[in-house]
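Examination of the molecular architecture
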Amino acid sequence: QAQLEESGGGLVQAGGSLRLSCVASGIQFGLSQMAWYRQAPGNRREFVAVISSRGANTNYADSVKGRFTISRDNTKNTLYLQMNHLKPEDTAVYYCKTGATRGGGIWGQGTQVTVSS
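The structure reproduced in this document is the subject of the present report. Per chain, residue numbering runs from 1 following the sequence as it is written. Two thresholds apply to this predicted model, a pLDDT of at least 70 for residue-level local features and 80 or more for giving and counting side-chain atom pairs, whereas whole-chain, interface and lining totals are computed over all residues. The basis for the side-chain values is all heavy atoms of the structure; hydrogens and waters are excluded.

Within 6.5 Å between ring centres, the rings of Phe, Tyr and Trp (the latter by its six-membered ring) count as paired, and their orientation is classed by plane angle as stacked under 30 degrees, edge-to-face over 60, tilted in between. Counted under the stated rule, the structure contains 3 aromatic pairs. Considering the side-chain rings of Tyr 37 and Trp 107, the 5.2 Å spacing of their centres and the 65 degrees angle between planes classify their relative orientation as edge-to-face. Placement of the pair is Tyr 37 in strand β4 (residues 34-39) and Trp 107 in the loop between β9 (92-98) and β10 (111-116), with a sequence separation of 70 residues. Throughout this description, buried means an accessible area under 20% of the type-specific maximum (1.4 Å probe, protein chains only), exposed means over 50%, and partly exposed covers the range between. Residue Tyr 37 is classed as buried on the basis of its relative accessible area of 2%. A residue is classified by how much of its surface remains accessible, and Trp 107, at 24% relative accessible area, is partly exposed. An aromatic cluster is present here, built from Tyr 37, Phe 47, Tyr 95 and Trp 107 joined pairwise through their rings. Its guanidinium or amino end placed over the ring of Trp 107, Arg 45 lies 4.7 Å from that ring's centre, counting from NZ or CZ. Ring-over charges, as used throughout, are those where CZ of Arg or NZ of Lys falls within 6 Å of the ring centre and within 35 degrees of the ring normal. Cation over ring: Lys 97 sits above Trp 107, and NZ or CZ is 5.2 Å from the ring centre. Per the convention used, a helix needs a DSSP run of H or I reaching at least four residues, while a strand needs a run of E reaching at least two, with both numbered from the N terminus.

Take a look at the structure:
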């Protein structure tokens, strides 16, 4: 069955960096747009970044632009999110998903990112 599994979350201090990974199985990863979303307690799950199937095109939420970089390695069926200059407001559960929109697609189980001040 189709599955996405995130990893790499953890606790970091403000200003620090973290790299998240998402390994896909059971899907045609190289033909799929992939995205990162995040959800803080009490908040709606929000868009973070999206990447085209071959990695040529990317888009970011204004809140993370210039700090986060989405990338992928289609030979490894893996999606990445490099997060630099982290802020406490980045604290959330981060999810990878297929497709660009919040509705539909396949979601991973999420990985917790906590940024302390």
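Remark: the alpha-carbon pair of Tyr 37 and Glu 6, spanning 31 residues in sequence, is separated by 12 Å. Leave out the neighbours within four places in its chain, and Tyr 37 touches Arg 45, Glu 46, Phe 47, Val 48, Val 93, Tyr 94, Tyr 95, Lys 97, Ala 100, Thr 101, Arg 102 and Trp 107. Pairing of N or O atoms within 3.5 Å defines a polar contact, subject to two protein rules: one partner must be a possible hydrogen donor and the other a possible acceptor, and residues neighboring in sequence count only if both atoms are side-chain atoms. Of note is the side chain of Tyr 37, whose polar atom sits 2.8 Å from the backbone oxygen of Ala 100. Side-chain polar atoms of Tyr 37 contact the backbone nitrogen of Arg 102, separated by 2.9 Å. Residues count as neighbours in contact if any of their non-hydrogen atoms are within 4.5 Å of one another.

Next up on the list: the state of the cysteines. For the purposes of this analysis, a disulfide is any pair of cysteine sulfur atoms at a distance within 2.5 Å. Counted by the stated rule, this structure contains 1 disulfide. In this model, Cys 22 is linked to Cys 96 through a disulfide, with the two sulfur atoms separated by 1.9 Å. Its torsion about the S-S bond being 55 degrees, the disulfide of Cys 22 and Cys 96 is classed as right-handed. Placement of Cys 22 in strand β3 (residues 18-25) and of Cys 96 in strand β9 is noted, with a sequence separation of 74 residues between them. Look at Cys 22 and you get buried, because its relative accessible area is 0%.

This paragraph deals with the sheet that holds strand β5 (residues 46-51). The criterion for strand pairing is that DSSP finds at least two bridges linking the strands in question. Spatially, 6 strands are ordered β2-β10-β9-β4-β5-β6 in an open sheet, and the strand pairing comes out mixed. Sheet topology places β2 (10-13) and β6 (58-60) at the edges, where each strand pairs with a single neighbour. Averaged over all adjacent pairs, the angle separating strand axes in this sheet is 25 degrees, with direction ignored. Axis definition: a line fitted to C-alpha atoms, limited for helices to the stretch in contact. Angles are taken between N-to-C directions and run from 0 to 180 degrees.

As a further point, take the pairing of β10. Only one face of β10 is buried, namely the one carrying Thr 111, Val 113 and Val 115, since none of Gln 112, Thr 114 and Ser 116 on the opposite face is buried. As judged from the 4 bridges shared by β2 and β10, these two strands associate in the parallel manner. Within β10, the position partnered with Leu 11 by the bridge is Thr 114. Where β9 lies against β10, 3 bridges are found, and the strand directions are antiparallel. When the sheet's bridge partners are listed, Tyr 94 is paired in β10 with Thr 111.

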